[in-house]
Amino acid sequence: MTFSIVAWDPTAKPTPEWGVAVASKFLAVGNVVPWLRADVGAVATQALANLSYGPEGLQLLTEGLDADAVVERLTAADDGREDRQLGVVDGKGKPATFTGSRCFDWAGGMTGEGYCCQGNILVGPEVVEAMATAFEATNGELGARLLAALTAGDREGGDRRGRQSASLRVVREGGGYGGGVDTVVDLRVDDHPAPIPELERIYRLQALYFPHPDSLEFVDIDEPLGNELRGLLGMAKSGTGYDPELRDALFRFVGTENLEERWTEDAKIERAVLDFLRRSSSST
């Protein structure tokens, strides 16, 4: 009753990323399917899901087993394995997928370089095939590629019972807010008539508020831009470029709008902050 993709990105900077994207006609699927650990790997457990596959799979990956061995170990110990579905990508990017013989049609999966797609109660194999094609064809950050795969599967019909929830999770060592945790993305749409478009919407907000450092683009605040910023911030249009008064006003704006991940103490403004400020001013 679910379709998912598990993947890694070895090119992510400064360290690799692992991610899981999933959708289902099931309440809060993000609370069930995705399990991830930075530098270890990722697991998706679904169908008549055995939730212990998540933490136990991560522990086996931590112990050094590869994806195939993890799938074999988990399913061999489970008398209900023929009702289960499982996807794993290990710490070196090797994928494995498993579909039990009693999973409801259509059920199955496929693997590619650094990823696996799987689903059950789908309209047909074209769902996972479209997911794989979209993932391979999409450039950019891992989260965006996973979402592209999920969207492609949904367009092919997805879960044939309908739509309810979706989730996207990505981890990278030290990649979370402030660098103290590994969670880069952890977004869930728990109950919605169009969960994947809604997940895409909040992912765009995620990209705005929590950008990857490599995506930041800073613009020098010269005198003309400084005067524009003063007007946008409701200040008197006088000054000499980037002075302490403008710095403080801009700092307050960035903090109020939760854009502090795009802040710099240099005499510059990040491009997305400038665009956000211009849009905010034009809408009032």
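Shown above is the structure to which this text applies.
Quantities reported herein were computed from a predicted structural model and do not represent experimental measurements.

**Description of the pattern of salt bridges**
Applying the stated criterion across every chain, the model contains 16 salt bridges. Where E198 meets R201, a salt bridge forms, and the shortest distance between an N and an O atom there is 2.8 Å. Linking E198 with R201, this pair stays in helix α5 (residues 195–209), spanning three residues, or about one helical turn. Here R201 falls in the partly exposed class, since its relative accessible area comes to 39%. Across the pair R247 and E265 runs a salt bridge, and its minimum N-O distance is 2.7 Å. Separated by 18 residues along the polypeptide, R247 in helix α7 (residues 244–256) and E265 in the loop between α7 and β12 (268–270) bring together distant segments of the chain. Via salt bridges that share partners, D66, D68 and K94 belong to a single interconnected network.

**Quick look at the packing of helix α4 (residues 142–155) against α5**
A pair of packed helices is captured by two measures, namely the crossing angle of their axes and the spacing between those axes. Closest axis-to-axis distance for the α4/α5 pair is 10 Å, and the angle between their directions is 165 degrees. Taken together, α4 and α5 sit at an angle that is classed as roughly antiparallel. For the pair α4 and α5, the crossing hand works out as left-handed. Between α4, through G143, A144, L147, L150, T151 and D154, and α5, the contact on the second element is made entirely by I196, L199, E200 and Y203. Classifying every residue of the contact of α4 with α5 by side-chain character gives six nonpolar, two polar and two charged.

**Considering α4**
When the terminal C-alpha atoms of α4 are compared, their 20 Å separation across 14 residues agrees well with the 20 Å that a helix rising 1.5 Å per residue should span. With respect to burial, α4 is a largely interior element, 11 of its 14 residues being buried. Regarding α4, the residues found buried are L142, G143, R145, L146, L147, A149, L150, T151, A152, G153 and D154. The first or second residue beyond α4 is G157, which carries a positive phi of 120 degrees.

**Some remarks on the environment of F253**
Note that F253 resides in helix α7. C-alpha separation for the pair F253 and D222, spaced 31 residues apart in sequence, amounts to 19 Å.

**Looking at the nonpolar core**
Within the largest apolar cluster, 29 residues are counted, with the highest numbers of intra-cluster contacts made by I5, M131, L146, L150, L168 and L199. At the level of elements, β1 (2–9), β2 (17–24), β8 (115–120), α3 (126–137), α4, β9 (165–172), β10 (183–189) and α5 are the ones that each hand at least two residues to this core. Once residues within four sequence positions are removed from consideration, L199 is found in contact with L147, L150, A166, S167, L168, L187, R188 and V189.

**Things to note about the sheet that holds strand β3 (residues 34–37)**
Ordered in space as β3-β4-β5-β6, the four strands form an open sheet in which the pairing is antiparallel. The open sheet has two edge strands with one neighbour each: β3 and β6 (95–99). Going from strand to strand, the sheet's axes swing by 10 degrees on average, the running direction of each strand aside. Here strand β4 (residues 41–47) pairs with strand β5 (residues 84–90) via seven bridges, running antiparallel. In the strand pairing of β5, T45 is matched with L86.

So, how was this worked out
Residues numbered from 1 in each chain as written. Predicted model: local features only at pLDDT ≥ 70, side-chain atom pairs only at ≥ 80, totals over all residues. Heavy atoms only, no water. Salt bridge = Lys/Arg side-chain N within 4 Å of Asp/Glu carboxyl O. Helix = DSSP H or I, 4+ residues; strand = E, 2+ residues; numbered from the N terminus. Buried < 20%, exposed > 50% of the residue type's maximum accessible area, 1.4 Å probe, protein only. Axes fitted to C-alpha atoms, helices over the stretch in contact; angles between N-to-C directions. Parallel < 35°, antiparallel > 145°, perpendicular 65-115°, else oblique. Left-handed = near helix turned anticlockwise from the far one by under 90°. Contact = heavy atoms within 4.5 Å. Nonpolar A, V, L, I, M, F, W, Y, C, P; charged D, E, K, R; others polar. Expected span 1.5 Å × (residues − 1). Core = buried A, V, L, I, M, F, W, Y, C linked by side-chain atoms within 4.5 Å. Pairing = 2+ DSSP bridges.

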